[in-house]
Amino acid sequence: MAVFKDENGNPRSEPMVDDVGAPVLCRSALDARDRMIEQLCALPPIATALDAIIERFGADQVAEVTGRTRRLIVGRDGRQQLQSRSPRANVAETQAFMDGSKKVLVFSDAGGTGRSYHADLAAKNQARRVHFLLEPGWRADAAIQGLGRTNRTNQASAPLFRPVTTDVRGERRFISTIARRLDSLGALTRGQRQTGGQNLFDPADNLESSYAKEALHRWFGLLFIGKLDAVSLARFEELTGLRIEGPDGSMVDDLPTIQRWLNRILALPIALQNDIFDEFLGLVEARIDAARQAGTLEVGVETIAVEHFEVLTDILLRTDALSGATTHLLELEIARALKPLGLARLEELYGLSGERQQLLRNARSGRIGLLVPARSLLADDGTRVARFELVRPLKHGHLTAEQLEESNWEPVDFAEFRRLWQAEVGEAAASHKRERLHLATGMLLPVWDKLPSDYVRVSRISARDGRSLLGREVPLHCVPEICQALGLEDEHAFSAEQIVDAVLTGGRPMQVKGREALTLKRSLVNGTQRLELAGWSAARLDWYKAQGCFTEIIRYQTRLFAPTTGAAGILARLGQ
């Protein structure tokens, strides 16, 4: 390039030419180009996903429903051959998959219109569909439409959706778009429109939710004060072109939107992109975990599959004067089949011999668990909170390093771990989990403000025999308040067993009927959960002890407790 000055004296450049007008080429650039082309041509060809799947499983096992009219396949002699496809090929391929003669189906946008691939009860192939979403793209509506092809009514089983991504964190931008559409519009996840993503995606996958927006605002604040390890403020502004610091040295009020921030992050080097996303997702997951523990996380309509359920009590809360529609408060006993995680599957998912895994046993309960590292949470002050995932045969959860130190989990050897895990799996597989819950069902809108605002969970109880109930779950301790608000004070008499069970499991205090306004609550004393009574009279202390209660002086204050074993009988006597 030749440099010259324009009429204003500013330096400009233009292609350099020789005396005869031919362009002057840079020999070093030409050599670099030739070497790059030579190296690229030496690399093995990368097959497309569709061709790789067909080559791996064979054309006789893969049903292809796309818009291709020709394709290369490997014949029985091992040589590639060009195969032509007629417009009727998609119909035949779909039928082959639904009949079970081909076990794998690959369909694209062109083949995903007007067809159903679910485990239809009328089809021969009723095996559970495992739907891999390979290329979601930017169009969330197209991806959602494709997901709905394998999930319809009249199906033998719901599909298992598996979005496929790499370890590049920026790819979560595409999954986020689909998750956001599911949360805002609903989707055909159970063969019907429902609010929320029906747990198809984790709440943390929606990077445009209120939790993510709040986390991004805090991320900008930590970036501005230099509390982030991944990138500094100056380098972030230089790489992304986003302005966080104003002319006066303070943080600007008009911060970039999360959509703009996500798009700029995609242009960063992959290592830096991953580091930034890890810190940002740490803030998002911290907020989602807090909402989940508080019971305020909105997950839409959650379907609870049970073996059977029984309606124990039915309280009529309200009857509409115009339409005659009723609102009921049902007490249900449900029985769920336990589906424990087998040892082979556990080893396949997490491994048992790595240095990062810890084999643990609870010294108090005797239960077994596998501890694996999880993503650290990021506190609002920028400090990292180390976190672990505790995998157990029937459930899994997260523990912080501080919670782990205060717990009763202790290391156990490999042979003992295998024996205890298999014993717990065998015990769970041979039994059902029975539990009771209250469900407000019917016409809920007129009484919605009477239901607890800090516990919003809409559930569909679906039994194996086809019966189902749709309503909003009500914690046991909130039932008296609801009945009292609706003028039904005599309809919510709970037994002592129910009160004890509700306090121990839910941790919320409950009133005990009797001469005095006693309150039963759960208290942590010396690392153990106790049942404590509040509101008792000091003049009747000997009488409480005669009924089976005991006292303990803690911090120079006498506190009254009921033993966990036999607490129901004691409460029954106190309520007389």
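Now for a description of the structure that goes with this document. (Residues numbered from 1 in each chain as written. Predicted model: local features only at pLDDT ≥ 70, side-chain atom pairs only at ≥ 80, totals over all residues. Heavy atoms only, no water.)

If you trace the 5 strands from one edge of the open sheet to the other, you get 19-18-15-14-20, paired in antiparallel fashion. Each end of this open sheet is capped by a strand with a single partner; those strands are strand 19 (396-400) and strand 20 (409-411). Going from strand to strand, the sheet's axes swing by 40° on average, the running direction of each strand aside. With 3 bridges joining them, strand 14 (residues 358-362) and strand 20 adopt antiparallel strand pairing. Across the sheet, residue Arg361 finds its bridge partner in strand 20, namely Glu410. Running at roughly 115° to strand 15 (residues 368-373), helix 12 (residues 414-429) makes contact with strand 14, strand 15 and strand 18 (387-391) of the sheet. (Pairing = 2+ DSSP bridges. Helix = DSSP H or I, 4+ residues; strand = E, 2+ residues; numbered from the N terminus. Axes fitted to C-alpha atoms, helices over the stretch in contact; angles between N-to-C directions. Contact = heavy atoms within 4.5 Å.)

Turning to a nonpolar patch on the surface, a few remarks are in order. On the surface, Met36, Ile37, Leu40 and Leu43 cluster together into a nonpolar patch covering about 400 Å² of accessible area. Here Met36 lies in helix 1 (residues 27-42). We classify Met36 as partly exposed; its relative accessible area is 47%. (Patch = residues over 30% accessible without salt bridge, like charges linked within 9 Å, V, L, I, M, F, W, Y side chains within 5 Å. Areas by Shrake-Rupley, 256 points an atom, 1.4 Å probe, with all protein chains shown as cover. Salt bridge = Lys/Arg side-chain N within 4 Å of Asp/Glu carboxyl O. Buried < 20%, exposed > 50% of the residue type's maximum accessible area, 1.4 Å probe, protein only.)

Along a regular strand, successive side chains alternate from one face of the sheet to the other. Where strand 1 (residues 2-5) lies against strand 2 (residues 11-14), 4 bridges are found, and the strand directions are antiparallel. The residue bridging Phe4 from the neighbouring strand is Arg12, located in strand 2. Adjacent in sequence and paired antiparallel, strand 1 and strand 2 are bridged by 5 residues, among which Gly9 carries a positive phi angle near 85°.

To continue, consider helix 16 (residues 567-574). Along helix 16, the positions that sit buried rather than exposed are Ala567, Ala568, Ile570, Leu571 and Leu574. For helix 16, the buried positions fall inside an angular range of 160° around the axis, keeping them on one side. (Arc of directions from axis to C-beta.)

So, about the sheet that holds strand 24 (residues 510-512). Taking strand neighbours across the sheet as the criterion, the 5 strands line up as 24-25-26-28-27 in an open arrangement whose pairing is antiparallel. Single-partner strands in this sheet number two, and they are strand 24 and strand 27 (550-554). Ignoring strand direction, the axes of neighbouring strands in this sheet form an average angle of 45°. Strand direction decides the pairing type here: strand 25 (residues 518-525) and strand 26 (residues 528-534), joined by 7 bridges, are antiparallel. Each bridged residue has a counterpart across the sheet, and for Arg522 the counterpart in strand 26 is Leu531. Against the sheet, helix 16 contacts strand 24, strand 25 and strand 26, and its axis sits at roughly 5° relative to strand 26.

Below, the discussion takes up the nonpolar core. With 34 residues, the main nonpolar core has Leu329, Val474, Leu520, Leu571 and Leu574 as its most contacted residues. Elements supplying a minimum of two residues to this core: strand 12 (308-319), helix 13 (479-485), helix 14 (496-506), strand 24, strand 25, strand 26 and helix 16. Not counting chain neighbours up to four residues away, the residues in contact with Leu329 comprise Thr313, Asp314, Ile315, Leu317, His438, Leu439, Ala440, Val474, Val479 and Cys483. Formed by 33 residues, the second largest nonpolar core is a distinct cluster that contains Leu207, Ala215, Leu223 and Leu378. (Core = buried A, V, L, I, M, F, W, Y, C linked by side-chain atoms within 4.5 Å.)

On to helix 3 (residues 89-99). Every buried residue of helix 3 is listed here: Ala89, Asn90, Glu93, Thr94, Ala96, Phe97 and Met98. In this structure, the buried side of helix 3 is in contact with strand 3 (62-65), strand 4 (70-74) and strand 6 (104-107). Where helix 3 ends, the next residue or the one after it, Gly100, has phi of about 90°, a positive value.

By the secondary structure assignment, Asp289 is in helix 9 (residues 270-294). We classify Asp289 as buried; its relative accessible area is 18%.

Right, let's get into the pattern of salt bridges. Overall, the coordinates contain 30 salt bridges when judged by the stated rule. Among the ionic pairs, Arg436 bridges to Glu333, the shortest N-O distance being 3.8 Å. Of this pair, Arg436 sits in strand 21 (residues 432-442) while Glu333 sits in strand 13 (residues 326-337); the two residues are 103 residues apart in sequence, bridging distant segments of the chain. When the shortest N-O distance is used, the salt bridge between Arg559 and Glu532 registers 2.8 Å. Remark: Glu532 occurs in strand 26 and Arg559 occurs in strand 28 (residues 557-562); sequence separation between them is 27 residues. Of the residues examined, Glu532 reaches a relative accessible area of 6% and is grouped as buried. Here the salt bridges share partners, and the residues they tie into one network are Asp278, Glu285, Asp289, Arg375 and Arg387.

With that settled, consider the environment of Lys339. Locating Lys339 in the fold gives a position in the loop between strand 13 and helix 10 (343-349). The sequence separation of Lys339 and Ala429 amounts to 90 residues, and the corresponding C-alpha distance is 6.5 Å. Ignoring any residue separated from it by four or fewer positions in sequence, one finds Lys339 in contact with Pro393 and Leu394.

According to the stated counting rule, one finds 11 aromatic pairs in the structure shown. Measuring from ring centre to ring centre gives 5.3 Å for Trp219 and Trp261, while their planes differ by 65°; the resulting arrangement is edge-to-face. Here the residue Trp219 occupies a position in helix 6 (residues 210-224), and Trp261 occupies one in helix 8 (residues 258-265), the gap between them amounting to 42 residues. Comparing Trp219 with Trp261 shows no difference in burial state: the two are buried. Geometrically, the ring pair formed by Phe550 and Phe561 is stacked, given 5.6 Å between the ring centres and 25° between the ring planes. Note that Phe550 is positioned in strand 27 and Phe561 in strand 28, a separation of 11 residues in sequence. (Phe/Tyr/Trp six-rings, centres within 6.5 Å; stacked < 30°, edge-to-face > 60°.)

What follows concerns unusual backbone geometry. Of note, Asn154 is a non-glycine position whose phi angle comes to about 60°, a positive value. Looking at the element boundaries, Asn154 is found in the loop between helix 4 (140-148) and strand 8 (160-163).

Extensive coverage of strand 18 is indicated by the burial of 5 of its 5 residues. Burial along strand 18 is two-sided: Arg387, Glu389 and Val391 facing one way and Phe388 and Leu390 facing the other are all buried. Bridging between strand 15 and strand 18 involves 4 bridges; their strand directions are antiparallel. The partner of Pro373 across the bridge, within strand 18, is Phe388. Bridge count for strand 18 against strand 19 is 5 bridges, and the pairing is antiparallel. Bridging from a neighbouring strand, Arg387 pairs with Thr400 of strand 19. From the end of strand 18 to the start of strand 19, which pair antiparallel, there are 4 residues.

The next subject is the side chain of Thr240. By the element assignment, Thr240 lies in helix 7 (residues 233-240). Using a relative accessible area of 7% as the deciding quantity, one classes Thr240 as buried. Engagement of the side chain of Thr240 in a polar contact is seen with the backbone oxygen of Phe236, the distance being 2.6 Å. (Polar contact = N/O pair within 3.5 Å; in protein donor to acceptor, adjacent residues only side chain to side chain.)

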